[in-house]
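Chain by chain, the residues:
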Protein chains: 2
Amino acid sequence: MQNNSLPNFLKKRAFLTPDRTAIYFHEEAITFKELYHRSFKAAGQLQALGIKKDDYVGVLLKNHLDTVIILFALQLLSVRAVILNNRLTSGELVWQLNDSKAKFVILEPAFSEVEMALKAGVASLRCISKDQMLSSKAEDPIIQEEVDLSNVCTVMYTSGTTGNPKGVMQTYGNHWWNSVGSALNLGFIERDCWLCTVPIFHISGFSILMRGVIYGMPIVLHESFDVEKVLFDIKNKQVTIMSVVGTMLSRMIDTIKDAHLPEQFRCMLLGGGPAPLPLLQSCVEKEIPVFQTYGMTETASQIVTLSPEYSLTKLGSAGKPLFPAQIKIELEDGTIASSGKAGEIIVKGPNVTPGYLNRPEATMEKLRDGWLHTGDVGYLDEEGFLYVLDRRSDLIISGGENIYPAELESVLSGHPNVADVGVTGLEDDRWGQVPIAFVVKKDGADVSVEELVDYCMSRMAKYKIPKAIYFIDHLPRNAAKKLLRRKLREWLSEGRFE
Amino acid sequence: MQNNSLPNFLKKRAFLTPDRTAIYFHEEAITFKELYHRSFKAAGQLQALGIKKDDYVGVLLKNHLDTVIILFALQLLSVRAVILNNRLTSGELVWQLNDSKAKFVILEPAFSEVEMALKAGVASLRCISKDQMLSSKAEDPIIQEEVDLSNVCTVMYTSGTTGNPKGVMQTYGNHWWNSVGSALNLGFIERDCWLCTVPIFHISGFSILMRGVIYGMPIVLHESFDVEKVLFDIKNKQVTIMSVVGTMLSRMIDTIKDAHLPEQFRCMLLGGGPAPLPLLQSCVEKEIPVFQTYGMTETASQIVTLSPEYSLTKLGSAGKPLFPAQIKIELEDGTIASSGKAGEIIVKGPNVTPGYLNRPEATMEKLRDGWLHTGDVGYLDEEGFLYVLDRRSDLIISGGENIYPAELESVLSGHPNVADVGVTGLEDDRWGQVPIAFVVKKDGADVSVEELVDYCMSRMAKYKIPKAIYFIDHLPRNAAKKLLRRKLREWLSEGRFE
C-alpha cells in the first residue's frame, strides 16, 4: 500500500515557512502566507464562478503575480489548468480549448480581442476576465487538503512531428519529482532565489513556480526577458539561479562585457538545445556556472543535466539523467544501443507524463513499458553522458520556442496555389534557429512570397512564420515519398539559397 | 499510471558522482564507485550462498564499513534485511528471526557465541559469518536495476505497549521520502557531511546511510559514540550534520567546555524525546544549532522537526511535520482535536510504514485510512507545533534505546515467585530515563532483587535491566484492572522509593 498523496503543496509551504518571501514581482514582495491567502481568495472567486474540482480550465495569462495566484488557486481546488501559449493565434487557441474540452478560460484583459473568436470557436465556453474574476465575490472554497500525485495538475500543448498538437498531462507527481530531482542535483540552500524570465506558460517557467513552493524558495518573476532588468535584479534580489535559453545567455554576456555576475549567483540553467562552443567558452571566462539541460514538456522540464565542471570537457553533451530518471538509446529494431551508437532517446521516471489528454493511441505509441519515446536522436558516451543529435528529428527551436515543421507545412499546403512544401530550420545568431520554407507551386498557378507570408500570418503565431520562402521545382523525397528534411538543411548549409 | 520505480539507489549514485567520498571509516575513505563495486562483489557472494531476491535475511552486524557494504549488497539483490539490534539476547534474536521467517542470518564474528543458540532456536537457519562471506567466491549477481518504492527494503523490530515485538516493514519509498523530506527541511549543500555514531541497526543510523546515497553525501561512520573522536572528526572531516540523542549532546557540551564547534557545522539533529531546558540553553550559548525531532521506526526516522530558531521559544516542541508528512491529534471518540487539546498523535505520509511483517491485525489496528496511530500522546499549539506529552504512553527511552515496560513486565512475571509487576521510567541525568520495576511477590513466596536481576540478565539485553526493583503489596490498577503506570511515575517523583 504505497501512499501516493501529499499535503497540498502551497498550503503546506505556507504552514511551514509562512514568513519567507515567495514572489518578487516589480516592487512587490509577498510571503508564502500571503500567496496562500490570496490564492485561497481567488479559489473562492473561481468556485463562485462555477469552476470545480477536476474541471479543465484554459489559462491565457502573462507572466504576472496574478497568474501565480490563479495557478495556485486552481491547485487548491484541484482544477486542471490547460496552460495556453500567449503567442498562439485565436485559431490555434480554439483548437486547444476544444481538444481539451475546457469549459472555462481565464484571460488577461489584454487578450480581450481574442475573446470573441474563442466564444465563436468553442461551444459553451465561458471566458473569464482575470480582472473581473479577482474583484468578484468569493465563496468559501473547498480546498483539496491532499494532492494525489497521480492526479493531473496541468496540461500543456506540444506539437509532434506528425502534425496536430497534443495536450501533455503533467501530474502533481511529475512536478514534484522534477523539483526533487533538480534539488538533488543542484543542491538547495536557504539563500537560494530563482529568477524566472521565461514564460510561465512553458514548462521551463511553470516548473520554477513549483520548485519555489516545494523548496520554500523566493522567485523573482519578470514579465519577459529584459537584459538590464535581469542584471539589476540578480544583484539586488541576490538571485542564485536563473533559467535561460541560449539567446538570453548570449545577450547577457554581451551586456555584462568585462564584468562578472555577483558571487552568490551559482547556477545558470540552460535549456532549449545544445549551446554553441563560443558561448560556453565565454561563460567559462566570465565564471558563469552553466548547467546545460535536456528536457521537454513531457518530462516536466529538465530530465538530464550537465554540471559546469563538464561543460567544456563534455562539450555538446546534455549530461546525465537526474537521480529519479533513466535514459536509454533505442535502435530501430527495438534493441538498446551500446555506448557511442545513435538511436532514439527513450526516458523513464516519475517526472514523465502519464500521456496525452484524450489521446490513448498517441499515448500508447509514445509510452511503452513506462518508457517515453522522445523522437529525439542521440547517443550515450562510455561514461553515460547524453549527446542529443537532433531534437525530434526536425524540430526547430527558435528563441526557446518549439516550431514543428510539419505544422507549418500543413498550413502552407492549405494555400490553393501550393502543390508541395517542406520546412526546415536555419541556424540564426539571434534566435538559434529560424524556420525556412521550400514551396512547389501548382502547375500553371502563381503565388508570391508576400502572399504566402500573409497567408501564414493570419493562421499561426508570429514566431512560426518562415523567415524565408524559396520556390523550387520539387522537394527531395525518398522512395516512400517521405520528405528528406535533412536534404533541405544541406541545401541551406551549402548556401544554395542565399 | 503513476510510475513507482526509481533506479537502484546506490548504482545510480555511483553513476552520477562516482568520485565523491561515500564513507569515512577509521583511516579509510571510499568513493561511491568503490562502495558500489564492493557491494556488487558482496552481492555476488551472497547470491553464491543461496540468498536471492525477496528473501528475508537477518543482519546482526556492528557499525562498520563492511556492514554498509553488506546492507547495500542486499539492496542490489532486492533482499529484505531484517536488521537486528546487537544488544539483544539470543532468546530475543531467536524470537525475531522466527517471526520474520528469515532463512539466513549474517553475523559479526564477534557474535559467534550466539550462533549455536540461533541454530538451535530457528529451524533451518543458515548462519553466515561476515568474514567468511566476504572472502567467499562470488557469482555474477543479478542486480535489481530498478527499485519499486512499495517494495520492502528493511525490517526493524519494535515492541508495542502490548508485549511482543513487531517487525516494522520499511519500504524503499519510506526511506526515499524520509531522505527527501529531511533535505527539503534542512537544505542540502555540496559540502554536507553527516556524522553517524548512532547504531546502523536503528532507524536513526540506517537513515543516514540512505541519505548519503540519495544526496551523494559523505558519511563519517563511527563504531560507537566516543566524544573525543566525535569532536576530532567534526573538525578534521569537516562534518556539517550529526544525529544525536540527548545524552550524547550533553556529553559533547561537557567536553567542549568553553570552546565552540567549527563554523561549518550546521545541524545537530536531536532525536529520542524532548531535551531538557538546561541542555538547550547550553546549546544556544555555544551556538550549537539543535534541530529537535520526533520520529519512530514506523516513520523511517524523523517526521517532525523543530528548527533552531524555535528551540527556546517553542521549548519542548518537536516542531512541524516535514513537507511530505501530516499530523493530527485524535481524541478518544475518534474526532480530531482542536489546537491545545491533547490526544493520540496520528501521522500520515509516504515515509510511514505499510505495516508490520506477518501481522495484518496489528497493521489494521495501527494504520487506519493511511493514518498511523502512534500511541503517543501530544497536542498541537495554535501555530501547528507539536508537543509530545508521553511517548507511547509508557515507553522508556534510555540512552536512545526504546524500552517497553510491557516487555519487562512480561519477562519478570515469568519468574515463579512473582505475582504481579509494573515497570516505568525514572528520569536519569546520564541516560535520560532508566527502567524501574515494582514487583508483588506471590503469597508465601520470597525472591530477592539480585535473583530478579539475574533472571532478567539471562533473558534480555543489558540496557533493559531495571535499575531498581521495589517490592510492594499491590499495583495501582483501574477498575478494568489496567495498570496505571502514571501512578508508578508519581510514586517515584514523590520520592517514595528512594
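Procedures and definitions
- Residues numbered from 1 in each chain as written.
- Chains lettered and ligands numbered in written order.
- Predicted model: local features only at pLDDT ≥ 70, side-chain atom pairs only at ≥ 80, totals over all residues.
- Heavy atoms only, no water.
- Salt bridge = Lys/Arg side-chain N within 4 Å of Asp/Glu carboxyl O.
- Helix = DSSP H or I, 4+ residues; strand = E, 2+ residues; numbered from the N terminus.
- Buried < 20%, exposed > 50% of the residue type's maximum accessible area, 1.4 Å probe, protein only.
- Least-squares fit on C-alpha atoms with pLDDT ≥ 70 in both.
- Contact = heavy atoms within 4.5 Å.
- Pairing = 2+ DSSP bridges.
- Axes fitted to C-alpha atoms, helices over the stretch in contact; angles between N-to-C directions.

Trainee: Provide a residue-level description of the pattern of salt bridges, including the pertinent values.
Mentor: Summed over the entire model, instances satisfying the criterion amount to 42 salt bridges over all chains. Between Arg38 of chain B and Glu28 of chain B there is a salt bridge, with the nearest N and O atoms lying 2.6 Å from each other. Of this pair, Arg38 of chain B sits in helix α2 (residues 32-48) while Glu28 of chain B sits in strand β3 (residues 28-31), and the two are 10 residues apart along the sequence. What makes Arg38 of chain B partly exposed here is its relative accessible area of 34%. By relative accessible area, which is 34% here, Glu28 of chain B ends up partly exposed. A salt bridge links Glu401 of chain B to Arg87 of chain B, with the shortest nitrogen-to-oxygen separation between them at 3.2 Å. Within this pair, whereas Glu401 of chain B is found in strand β25 (residues 401-403), its partner Arg87 of chain B is found in the loop between β5 (80-83) and α4 (90-100), the two being separated by 314 residues in sequence. In this structure Glu401 of chain B comes out as buried when scored by relative accessible area, which is 3%. Through salt bridges with shared partners, a single network forms among Lys53, Asp54 and Arg80 of chain A.

Trainee: How would you sum up the relation of the copies chain A and chain B? Please name residues and give values.
Mentor: By a simple turn and slide, chain A fits onto chain B: the slide is 0.0 Å along the axis, the RMSD is 0.1 Å, and the turn is 180°. Here the copies are linked by what is in effect a two-fold axis. It is Phe188 of chain A whose C-alpha, among those of chain A, lies nearest the rotation axis, at 2.6 Å. Here 100% of the interface residues in chain A have copies in chain B that are interface residues too; the copies meet face to matching face.

Trainee: How would you summarise the sheet that holds strand β26 (residues 418-428) of chain B if you had to cite specific residues and measurements?
Mentor: Residue and element names in this part refer to chain B. Taken in spatial order, the three strands of this open sheet run β26-β27-β28, and their pairing is mixed. One side of each edge strand has no neighbouring strand; the edge strands of this open sheet are β26 and β28 (468-471). For this sheet, the mean inter-axis angle between neighbouring strands, taken without regard to orientation, is 25°. With four bridges connecting them, strand β27 (residues 432-441) and β28 associate as parallel partners. Bridge pairing links Ile436 to Ala468 in β28. Against the sheet, helix α14 (residues 449-457) engages β26, β27 and β28, with an angle of about 130° to β28.

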